[in-house]
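In case you want the letters, here they are:
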Amino acid sequence: WTSHYPPLPAGTRVAVHGLNAQELAANGAATEVAVGDLNKDPTLPYTDGEFDVVTNAASIAYLTRPRELFAEVHRVLKPGGLALVSFSNRVFAEKATALWLSKIDEDVALCSVVRAFFAFGPAGGWRNVSSVDLSPHPTEGDPLWMVTAVKA
């Protein structure tokens, strides 16, 4: 239940949001915690243009309202801010969305799904949308992909 960040400079703000308060509290990088279900209410509890970077790690497969959440990410990012979405094809199938499960065996298709969430966001809202395979080894271990975008 870590943020998976490299060491950060002292005083760096790391606001985490999730379903489980105990898991969030165990995140050593977190400087503040917000508990909530983004499927029930995708509104982020932050002001407009508050963040330089927003990350979403390993939860995109479970979002039932991704377009609304991506609009929220856009809202809370500063102009030029970076959105990073990392994911694998390893999911709890009983919790993942049908869309995600329909593409689960196609790494490029999963990246395309996430890229589409950015593409269908606010008009002119994102630029430099790209994806990268960060898997530690092509045939061993869990795969890892990341889709990134910059707020226009």
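Structural data are supplied above this passage.
Now for a look at the structure at hand. Bear in mind that the values here come from a model prediction, so they are computed numbers and not experimental data. (Residues numbered from 1 in each chain as written. Predicted model: local features only at pLDDT ≥ 70, side-chain atom pairs only at ≥ 80, totals over all residues. Heavy atoms only, no water.)

**Examining the pattern of salt bridges**
On inspection of all chains with the given rule, the structure shows seven salt bridges. The salt bridge involving Glu-68 is made with Arg-65; its shortest N-O contact spans 2.7 Å. A salt bridge links Glu-72 to Arg-75; the nearest nitrogen and oxygen atoms lie 2.7 Å apart. Of the two residues, Glu-72 and Arg-75 both sit in helix H2 (residues 66–76), three residues apart, roughly one turn of that helix. Given the relative accessible area of 13%, Glu-72 is considered buried. (Salt bridge = Lys/Arg side-chain N within 4 Å of Asp/Glu carboxyl O. Helix = DSSP H or I, 4+ residues; strand = E, 2+ residues; numbered from the N terminus. Buried < 20%, exposed > 50% of the residue type's maximum accessible area, 1.4 Å probe, protein only.)

**Focus on the packing of aromatic side chains**
Scanning all chains against the criterion turns up six aromatic pairs. On the numbers, 4.9 Å between centres and 90 degrees between planes, the contact of Tyr-46 with Phe-51 is edge-to-face. Phe-51 carries the same exposure label as Tyr-46, and that label is buried. Look at Phe-118 and Trp-126: their rings are 4.9 Å apart centre to centre, the planes differ by 75 degrees, and that puts the pair in the edge-to-face class. With respect to class, Phe-118 is no different from Trp-126; both count as buried. Put simply, the rings of Phe-70, Phe-117, Phe-118 and Trp-126 pair up and form one aromatic cluster. (Phe/Tyr/Trp six-rings, centres within 6.5 Å; stacked < 30°, edge-to-face > 60°.)

**A look at the environment of Lys-151**
Looking at the secondary structure, you find Lys-151 in strand E6 (residues 145–151). You can call Lys-151 buried: its relative accessible area is 10%. Along the backbone, Lys-151 and Val-129 are 22 residues apart, and their C-alpha atoms lie at a distance of 9.6 Å. With sequence-adjacent residues up to four places away left out, Lys-151 is seen in contact with His-74, Arg-75, Leu-77, Lys-78, Pro-79, Gly-80, Gly-81, Gly-125, Trp-126 and Arg-127. Here His-74 takes part through its backbone oxygen, which lies 2.8 Å from a polar atom of the side chain of Lys-151. (Contact = heavy atoms within 4.5 Å. Polar contact = N/O pair within 3.5 Å; in protein donor to acceptor, adjacent residues only side chain to side chain.)

**Comments concerning a nonpolar patch on the surface**
There is a patch of nonpolar side chains on the surface, built from Val-132, Leu-134 and Leu-144 and spanning about 210 Å² of accessible area. Looking at where Val-132 falls in the secondary structure, it is placed in strand E5 (residues 126–133). Overall, the relative accessible area of 39% leaves Val-132 in the partly exposed class. (Patch = residues over 30% accessible without salt bridge, like charges linked within 9 Å, V, L, I, M, F, W, Y side chains within 5 Å. Areas by Shrake-Rupley, 256 points an atom, 1.4 Å probe, with all protein chains shown as cover.)

**A look at the pairing of strand E4 (residues 77–87)**
Here strand E3 (residues 51–57) pairs with E4 via six bridges, running parallel. The partner of Val-53 across the bridge, within E4, is Leu-82. Note on the crossover from E3 through H2 to E4: the handedness is right-handed. (Pairing = 2+ DSSP bridges. Right-handed = clockwise from strand over helix to strand, strands pointing away.)

**Re the sheet that holds E5**
Read across the open sheet, the four strands follow the order E3-E4-E6-E5; overall the sheet is mixed. Both outer strands of the open sheet, E3 and E5, are each paired with one neighbouring strand and no more. The sheet shows a mean angle of 15 degrees between the axes of neighbouring strands, direction not considered. Here E5 pairs with E6 via six bridges, running antiparallel. If you follow Trp-126 over to E6, its bridge partner there is Lys-151. Docked against the sheet, H2 engages E3, E4, E5 and E6, running at close to 140 degrees with respect to E4. Against the sheet, helix H4 (residues 107–119) engages E4, E5 and E6, with an angle of about 20 degrees to E6. (Axes fitted to C-alpha atoms, helices over the stretch in contact; angles between N-to-C directions.)

**Side note on H2**
Turning to H2, its buried residues are Pro-66, Leu-69, Phe-70, Glu-72, Val-73, His-74 and Val-76. Elements in contact with the buried residues of H2: E3, E4, H4, E5 and E6.

This is a description of form; function is not addressed.
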